[in-house]
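Reading the structure
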Amino acid sequence: MDRTLFPITMEKHIIFCAVATVFFLLQFIRTKRIYQLILAIAVPLSLVVYVAPENNTVFYGVGIAEAVLLVLAFILSIVQNSRDKKAEKLKQAAAGAEG
């Protein structure tokens, strides 16, 4: 691997991915936000580049997949936040109508 693309060793990358995946899975269990689950999938996906380090197709394919997953997580985060805000407003309006 080109050192400018991967400034950390493979062992550190694996440790980082394991910690990040556990973190995102725990966050998904706690918050039930789907973008957390997508990020829990995207982080370890970056390890696929080590399967065929000299294969540019795999390298760019992983990059494209990562970009798609990150954009998807961003969009779903925005959508879920707007839905949560609408639900909260409806809940407050219902509580205000009762009281």
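Residues numbered from 1 in each chain as written. Predicted model: local features only at pLDDT ≥ 70, side-chain atom pairs only at ≥ 80, totals over all residues. Heavy atoms only, no water.

Attention now moves to the packing of helix H1 (residues 10-31) against helix H2 (residues 34-45). Axis separation between H1 and H2 bottoms out at 8 Å; the angle between their running directions is 165°. By the angle between their directions, the pair H1 and H2 is classed as roughly antiparallel. Both H1 and H2 take part in a crossing whose hand is left-handed. Seen from H1, the contacting residues are Phe16, Cys17, Ala20, Thr21, Phe24, Leu25, Gln27, Phe28 and Thr31; seen from H2, they are Ile34, Gln36, Leu37, Leu39, Ala40, Val43 and Pro44. Across the contact of H1 with H2, the residue classes break down as 12 nonpolar, four polar and no charged. (Axes fitted to C-alpha atoms, helices over the stretch in contact; angles between N-to-C directions. Helix = DSSP H or I, 4+ residues; strand = E, 2+ residues; numbered from the N terminus. Parallel < 35°, antiparallel > 145°, perpendicular 65-115°, else oblique. Left-handed = near helix turned anticlockwise from the far one by under 90°. Contact = heavy atoms within 4.5 Å. Nonpolar A, V, L, I, M, F, W, Y, C, P; charged D, E, K, R; others polar.)

Glancing now at the environment of alanine 52. Here alanine 52 is to be found in the loop between H2 and helix H3 (56-98). Alanine 52 gets classed as partly exposed once you look at its relative accessible area, which sits at 25%. Put simply, alanine 52 and glutamate 11 are 41 residues apart on the chain and 16 Å apart in space, counted from C-alpha to C-alpha. (Buried < 20%, exposed > 50% of the residue type's maximum accessible area, 1.4 Å probe, protein only.)

Glancing now at the confidence of the model for the chain. Scored by pLDDT, the chain comes out at a mean of 89, with 93% of its residues at no less than 70. Predicted confidence in the chain is weakest over H3, with a mean pLDDT of 90, and strongest over H2, with 95. (pLDDT = per-residue confidence, 0-100.)

Relative to the 63 Å expected for 43 residues at 1.5 Å per residue, H3 spans 63 Å between its end C-alpha atoms, a close match to the ideal helical length. Buried residues of H3: Val62, Glu66, Leu69, Ala73, Ser77 and Gln80, and no others. Those residues of H3 that are buried lie in contact with H2. Backbone nitrogen of threonine 57 and a side-chain oxygen of the N-cap are separated by 2.9 Å at the start of H3; the cap is asparagine 55. (Expected span 1.5 Å × (residues − 1). Polar contact = N/O pair within 3.5 Å; in protein donor to acceptor, adjacent residues only side chain to side chain.)

Moving on to the nonpolar core. Of all hydrophobic cores here, the largest spans 11 residues; its members are Cys17, Ala20, Phe24, Tyr35, Ile38, Leu39, Ala40, Ala42, Val43, Leu69 and Ala73. For this core, the secondary-structure elements that each account for two or more residues are H1, H2 and H3. Of all the elements, H2 adds the most residues to this core, at six residues. For alanine 42, the contacting residues outside a window of four places in its chain are Glu66 and Leu69. (Core = buried A, V, L, I, M, F, W, Y, C linked by side-chain atoms within 4.5 Å.)

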